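Observations on the three-dimensional arrangement
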Amino acid sequence: MAAEAGQVGQPDGKAPGRGRWTPLFGLEERPPPGTALLAAAQHLLAVFGGIVAAPLIIADGMGLAGSAVNAVVTSALFVSGIATLIQVSRVGPLGSGVLAIQGTSFTFIGAILFAYHALPAELSPQARLAAIFGTAAVASICMMPLAFGLRRLKRLFSPAVTGATVVLLGISLVATTLGNLHAAWVAADAEGTAWPVALVAGCVFLITATMARFPNPWVRMCSILAGFTVGFVIELLLGSIDFDRLHSLDSFALPAPFRYGLGFDWQAFAVLMPIFVVSATETVGDLTATQALSRLPTRGPGYWARVRGGVVGDAFNSLLASAFATFPNTTFSQNNGVIRLTGIASRHVGRLTACMLILLGCLPWVSGLFQLLPPTVIHGATLLMFGLVAAAGVNILRNGCAGRRDWLIAACALLGGGVLSQTADSLSFLPQQVRMILQFPVSTGAFIAMALELLLPRPQGAGR
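Remember, it's a predicted structure, so these values are computed and weren't measured experimentally.

1. Remarks on the overall build of the chain
Counting its secondary structure elements, the chain contains 17 helices and two strands. A globule of 464 residues ought to have a C-alpha radius of gyration of about 23 Å, and the chain, at 21 Å, matches this closely. Dimensions of the chain, computed from the C-alpha atoms along their principal axes, are close to 65 × 65 × 40 Å. The proportion of buried residues among the 464 residues of the chain is 58%. Summed over its atoms, the accessible surface of the chain is roughly 18800 Å², and 66% of this surface lies on carbon and sulfur atoms.

2. A few points about a nonpolar patch on the surface
Together, Leu-236, Phe-243, Trp-365 and Leu-369 make up an exposed nonpolar region whose accessible area comes to about 340 Å². Accessibility expressed as a relative area gives 39% for Leu-236, which makes it partly exposed.

3. So, helix 5 (residues 159-190)
Relative to the 46 Å expected for 32 residues at 1.5 Å per residue, helix 5 spans 46 Å between its end C-alpha atoms, a close match to the ideal helical length. Positive backbone phi, approximately 75 degrees, marks Gly-192, located one or two places after helix 5.

4. Examining the side chain of Thr-290
Along the polypeptide, Thr-290 turns up in helix 9 (residues 266-293). Owing to a relative accessible area of 2%, Thr-290 belongs among the buried residues under this scheme. The residues contacting Thr-290, other than those within four sequence positions of it, are Val-98, Leu-99, Asn-336 and Ile-339.

5. Observations concerning the pattern of salt bridges
Pairs can form between side chains of opposite charge once their charged atoms are near each other. Applying the stated criterion across every chain, the model contains four salt bridges. Taking the shortest distance from any N to any O, the salt bridge between Arg-347 and Glu-28 comes out at 3.0 Å. A residue pair is termed long-range when its members are at least 10 positions apart, and Arg-347 in helix 12 (residues 347-361) and Glu-28 in the segment before helix 1 (33-62) qualify at 319 residues. In this structure, Arg-458 and Glu-453 form a salt bridge, with 2.9 Å as the shortest nitrogen-oxygen distance. Arg-458 sits in the partly exposed class, given a relative accessible area of 29%. When its relative accessible area of 1% is taken as the criterion, Glu-453 is described as buried. Overlapping salt bridges bring together Arg-405, Asp-406, Glu-453 and Arg-458 as one network.

6. Section: the nonpolar core
Counting 123 residues, the largest nonpolar core has Phe-48, Met-62, Leu-64, Ile-109 and Phe-228 as the members making the most contacts within it. Element by element, the count of residues in this core is highest for helix 1, at 15 residues. Residues within four places of Leu-64 in sequence aside, it is in contact with Ala-59, Val-69, Val-72, Tyr-116 and Leu-129. Listed in part, the eight residues of the second largest apolar core include Phe-78, Leu-320, Phe-324 and Ile-358.

7. Thoughts on the packing of helix 5 against helix 14 (residues 375-400)
The interhelical angle for the contact between helix 5 and helix 14, taken along N-to-C directions, is 160 degrees, at an axis separation of 8 Å. Put simply, helix 5 runs roughly antiparallel to helix 14. The crossing of helix 5 and helix 14 is left-handed. Tallied by class, the residues present in the contact of helix 5 with helix 14 amount to 20 nonpolar, ten polar and no charged.

8. As for the packing of helix 2 (residues 66-89) against helix 12
Packing of helix 2 against helix 12 leaves a shortest axis separation of 7 Å and a crossing angle of 160 degrees. Judged by the inter-axis angle, helix 2 sits roughly antiparallel to helix 12. The interaxial crossing formed by helix 2 with helix 12 has left-handed handedness. Residue-level contacts link Thr-74, Leu-77, Phe-78, Ser-80, Gly-81, Ile-82, Thr-84, Leu-85, Val-88 and Ser-89 of helix 2 to Arg-347, Gly-350, Arg-351, Ala-354, Leu-357, Ile-358, Leu-360 and Gly-361 of helix 12.

9. Concerning the packing of aromatic side chains
All chains considered together, the criterion is met by 13 aromatic pairs. Ring geometry for Phe-78 and Phe-324: centres 5.6 Å apart, planes at 55 degrees, overall tilted. Taken as a pair, Phe-78 in helix 2 and Phe-324 in the loop between helix 10 (301-323) and strand 2 (329-331) lie far apart in primary sequence, 246 residues in all. In terms of burial, Phe-78 and Phe-324 fall into one category: buried.

10. Let's talk about unusual backbone geometry
With a phi close to 55 degrees, Arg-90 is a non-glycine residue in the positive phi region. Checked against the element boundaries, Arg-90 lands in the loop between helix 2 and strand 1 (102-104). Not every positive phi belongs to a glycine, and Phe-258 is a case in point at roughly 50 degrees. Looking at the element boundaries, Phe-258 is found in the loop between helix 8 (223-237) and helix 9.

Calculation rules
- Residues numbered from 1 in each chain as written.
- Predicted model: local features only at pLDDT ≥ 70, side-chain atom pairs only at ≥ 80, totals over all residues.
- Heavy atoms only, no water.
- Helix = DSSP H or I, 4+ residues; strand = E, 2+ residues; numbered from the N terminus.
- Rg over C-alpha atoms; globule rule 2.2 N^0.38 Å.
- Buried < 20%, exposed > 50% of the residue type's maximum accessible area, 1.4 Å probe, protein only.
- Areas by Shrake-Rupley, 256 points an atom, 1.4 Å probe, with all protein chains shown as cover.
- Patch = residues over 30% accessible without salt bridge, like charges linked within 9 Å, V, L, I, M, F, W, Y side chains within 5 Å.
- Salt bridge = Lys/Arg side-chain N within 4 Å of Asp/Glu carboxyl O.
- Expected span 1.5 Å × (residues − 1).
- Contact = heavy atoms within 4.5 Å.
- Core = buried A, V, L, I, M, F, W, Y, C linked by side-chain atoms within 4.5 Å.
- Axes fitted to C-alpha atoms, helices over the stretch in contact; angles between N-to-C directions.
- Parallel < 35°, antiparallel > 145°, perpendicular 65-115°, else oblique.
- Left-handed = near helix turned anticlockwise from the far one by under 90°.
- Nonpolar A, V, L, I, M, F, W, Y, C, P; charged D, E, K, R; others polar.
- Phe/Tyr/Trp six-rings, centres within 6.5 Å; stacked < 30°, edge-to-face > 60°.

So this is what it looks like as structure tokens:
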């Protein structure tokens, strides 16, 4: 997810606190096969935990059965590989043409779960999934023309808008995760076995947090995967892992498209569309950093063409994800850290990483291993990540808000999104559908921020 690591490169192509950055292998250069394979493996390691964790959290929140969870995760890996190929290869108007790895986005977790549970109660789980995937597909299609007008719409992507939205996103994800952990504790306490919940969640969180603060950047990038591993070992020692569940999985299978069909829901669209816009702003930041690290210009027509292609690629790849019954895609910011550490900005490495992801997506037992993890392990590992999302939003506001107008927009969005989400049910004069949308603070806050950004006059002499 773009918000979890921040930008690594600077607009002038320099690395922070260092001299002029020069990669060992540039964008079009081919590293030796062994070097390229090692660099691709490092990119894969940096994103694998995130790609797997996001669909697992969503599937757990939806209460999906084991076979459905496996299908969602394998499709996520498979689509991430195809999406990365498109992103690094620049197929027509699709893709940035730089070393940008795609994956399932954490940004959409709260919105998707809210939209799923807000659907009519009489719908079956399959019909709900069809509505979510179809609505995400429509939102993806809507993002494509918006991406082509990116330079003209950049006023909507102001730091006040994106910062406030990301803060609300992080807070809502933290609250949901804490609620899930509390529910697991209460259920286990009723059976007299609450202490393993506290032990596992606490250990996983501490390991993830410790590694995320480690001086070595390689250790930091593997913090989620390490948290999963520690949780897996503890659950194994407690006898909670049932390997027999793996026996029913195929050793090799291609993900099937349109597994649940495609539906549409206007309420879900109103919740998801602002998150697509926020995800696009994060992609712009990621691709700016990647171009800086690739020694490419970060202004001018060429820069905007690559950014536009990347955002259009994001939208198309999210449409592809909907077709394969998994969740929206975005660029991952931690891969910029891998470029900085390895000195390899070659997009040929991106193609190798994509092939690895596609292969893993055809191996159901890989996602089956992660399905063995109890939800407590997943929530313990990702709780810190969601807190960092909120912190990233605060940093966007602190570094980007230029005056009282920007801070007023951010404050109104934060306050309005939070208050309306808690009081929407009492607004009986509004239609039920509108009240349902207002209950999700992230999209509500984003709409408020965008409206104020357009309506409030800018100070005289302020840049556009």
